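Each chain, letter by letter, is given below.
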Amino acid sequence: MDSYLPVIDVDRFLLNPESDELVIEECRKAAQSLISFGALIVKDSRVNSEDNSQFLSLLEDYFAQPEEELKKDSRPEIGWQRGVTLEGIERPKCAVDQECTGIISRLDPNERPLDVSGHHPDPKCRFFISMSQDPPYETQFPGLNAANVVPERPDLKERWIPTTEKWGNCLKTAVENITEMVAIGLDLPRKTFREAGKYGPHLLAPTASDLSKYGKEDTILAGFHTDLNFLTIHGASRFPGLHIWARNTGKRIPVKMPPGGNYLLVQAGLQLEHITGGLIKAGFHEVVVNADTMKTIADRKQRFPDRPLIRISSTFFWHLSSDYDLTPIPSLLAKSKELRAEHVNLGIDVGLDKSYEPMKVGQQVSNELRHIALMS
């Protein structure tokens, strides 16, 4: 992989006492990675690359179906928060968001994302699968906690639940351990974030891009954006094309997983930014067809001529609980203000100061879904 993103060893955290100096050091490294980069790589021996491979193959088969079949699994009445979202529906928020366009304008021209000013919808599909635990109370946001959708085609249906649950639980377990490590690294009790997200509407959310239709170099598959949730975790995709932007340098980083199969990518989302008062910023990223994508397309056409040419991202969105009161933690808000002052003193253009108003997490999610045209 490119050497920019730090690798966090979850095994070290799990196999040693919390008071161990090496554990504390790894936790501080995790927190600092998110502060500096908005992202990190997780090394976790529990991750089985074959589980990821089976998941990717299942989703390739699913999204290779005709659009009429896919439409049967869409649920627009709940903001597409379950089942399939077809291509051309989700729009990159940055095209009309003043804060986001300001960030792009402050980047070096050579480090900017592909143009999002046209505000065209993304040519990608999604499938949302709930991986949440039902709350022992009546939620104010039932649309974010709706029932799952299972495809009807027999060969997909029989594989669907075993395959998605196996891979989804792997991602969920890993990211929940990262929430604990980041809490410790920020001098908070270990369970601070994990308890706040105990009943979160977590989503296994594979994204699909049909490279037989959208395989031209410099095609935007997912425009420059941040994620609205707390942390996003991914397994390796079969096709490169994900770029992230480091907060500390403003450099565009093409993400590559280390070899070995037991690595995952974690990115900070807007809920984490909100609760830390901006100490950790949600990580900007895009997915595009770049030169490496083109090479992989050519390779897979030759080696797997009978497989669908569809880029699947095995994405998992980990959320705070919908009814949780989202407000900055005072100690982290103070650290955020200190960091901002340091940057200003160094002459770094940090843009306008941002306020993080108290609200329910479910309201924050609904607000963001409206921005990206998934909820009216």
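Residues numbered from 1 in each chain as written. Predicted model: local features only at pLDDT ≥ 70, side-chain atom pairs only at ≥ 80, totals over all residues. Heavy atoms only, no water.

**Student:** So, the pairing of strand β14 (residues 315-318): which residues are in play, and what are the values?
**Tutor:** The side-chain alternation of β14 yields two buried faces, one formed by Thr-315 and Phe-317 and the other by Phe-316 and Trp-318. The pairing of strand β8 (residues 231-234) with β14 spans four bridges and is antiparallel. Paired with Ile-233 across the strands is Phe-316, a residue of β14. (Buried < 20%, exposed > 50% of the residue type's maximum accessible area, 1.4 Å probe, protein only. Helix = DSSP H or I, 4+ residues; strand = E, 2+ residues; numbered from the N terminus. Pairing = 2+ DSSP bridges.)

**Student:** If you had to explain the nonpolar core to someone new, which residues and values would you point to?
**Tutor:** Grouped together as the largest cluster of nonpolar side chains are 69 residues, with contacts concentrated most on Phe-63, Ile-178, Val-182, Leu-186, Phe-193 and Leu-272. In terms of residue count, helix α6 (residues 154-185) provides more of this core than any other element does, 12 residues in total. Apart from residues lying up to four places away in sequence, Phe-193 is in contact with Thr-179, Val-182, Ala-183, Leu-186, Leu-188, Phe-230, Leu-272, Ile-275, Trp-318, Leu-320 and Ile-329. The next biggest cluster of nonpolar side chains, apart from the first, holds 19 residues, and it includes Ala-39, Ile-244, Ala-246 and Val-255. (Core = buried A, V, L, I, M, F, W, Y, C linked by side-chain atoms within 4.5 Å. Contact = heavy atoms within 4.5 Å.)

**Student:** How would you explain the sheet that holds strand β12 (residues 285-288) if you had to name every residue and give the values?
**Tutor:** With antiparallel pairing, four strands are arranged side by side in an open sheet as β7-β12-β9-β10. Both edges of this open sheet fall to β7 (220-225) and β10 (252-254), since each of them pairs with a single strand only. The average undirected angle you get between the axes of adjacent strands in this sheet is 20 degrees. As paired elements, strand β9 (residues 242-245) and β10 share three bridges and run antiparallel to each other. Within the sheet, the bridge partner assigned to His-243 lies in β10 and is Pro-254. (Axes fitted to C-alpha atoms, helices over the stretch in contact; angles between N-to-C directions.)

**Student:** Got a sec to walk through the packing of helix α3 (residues 49-63) against α6? Specific residues and values, please.
**Tutor:** Where α3 meets α6, the closest approach of the two axes is 10 Å, and the angle between their N-to-C directions is 140 degrees. Relative to α6, the element α3 is oriented oblique. α3 and α6 meet at a crossing whose hand is left-handed. In this structure, α3 uses Asp-51, Asn-52, Gln-54, Phe-55, Leu-58, Leu-59, Asp-61 and Tyr-62 to contact α6, whose residues at the interface are Leu-156, Arg-159, Trp-160, Thr-163, Thr-164, Lys-166 and Trp-167. Class assignment for the residues of the contact of α3 with α6 results in seven nonpolar, four polar and four charged. (Parallel < 35°, antiparallel > 145°, perpendicular 65-115°, else oblique. Left-handed = near helix turned anticlockwise from the far one by under 90°. Nonpolar A, V, L, I, M, F, W, Y, C, P; charged D, E, K, R; others polar.)

**Student:** Please give an account of helix α10 (residues 330-345) that cites residues and values.
**Tutor:** In an α-helix there are 3.6 residues to a turn, and that puts residues three or four apart on one side. Here α10 spans 23 Å end to end across 16 residues, near enough to the 22 Å set by a 1.5 Å rise per residue. Listing the buried residues of α10 in full gives Leu-332, Ser-336, Leu-339 and His-343. Within α10, the buried residues cover an arc of 65 degrees as seen down the axis, which keeps them to one side. Projecting away from the buried face of α10 at angles above 90 degrees are the exposed residues Pro-330, Lys-337 and Asn-345. The elements touched by buried residues of α10 are α2 (21-37) and α8 (270-275). Positive backbone phi, at 80 degrees, marks Gly-347, one or two positions downstream of α10. (Expected span 1.5 Å × (residues − 1). Arc of directions from axis to C-beta.)

**Student:** Go over the pattern of salt bridges with me, naming the residues and quoting the values.
**Tutor:** Counting across every chain of the model gives 27 salt bridges. With a closest N to O distance of 3.1 Å, Glu-69 and Lys-72 form a salt bridge. Residue Glu-69 is classed as partly exposed on the basis of its relative accessible area, which comes to 32%. The salt bridge partner of Glu-176 is Arg-194, with a shortest N-O separation of 3.2 Å. Within this pair, whereas Glu-176 is found in helix α6, its partner Arg-194 is found in helix α7 (residues 192-196), the two being separated by 18 residues in sequence. (Salt bridge = Lys/Arg side-chain N within 4 Å of Asp/Glu carboxyl O.)

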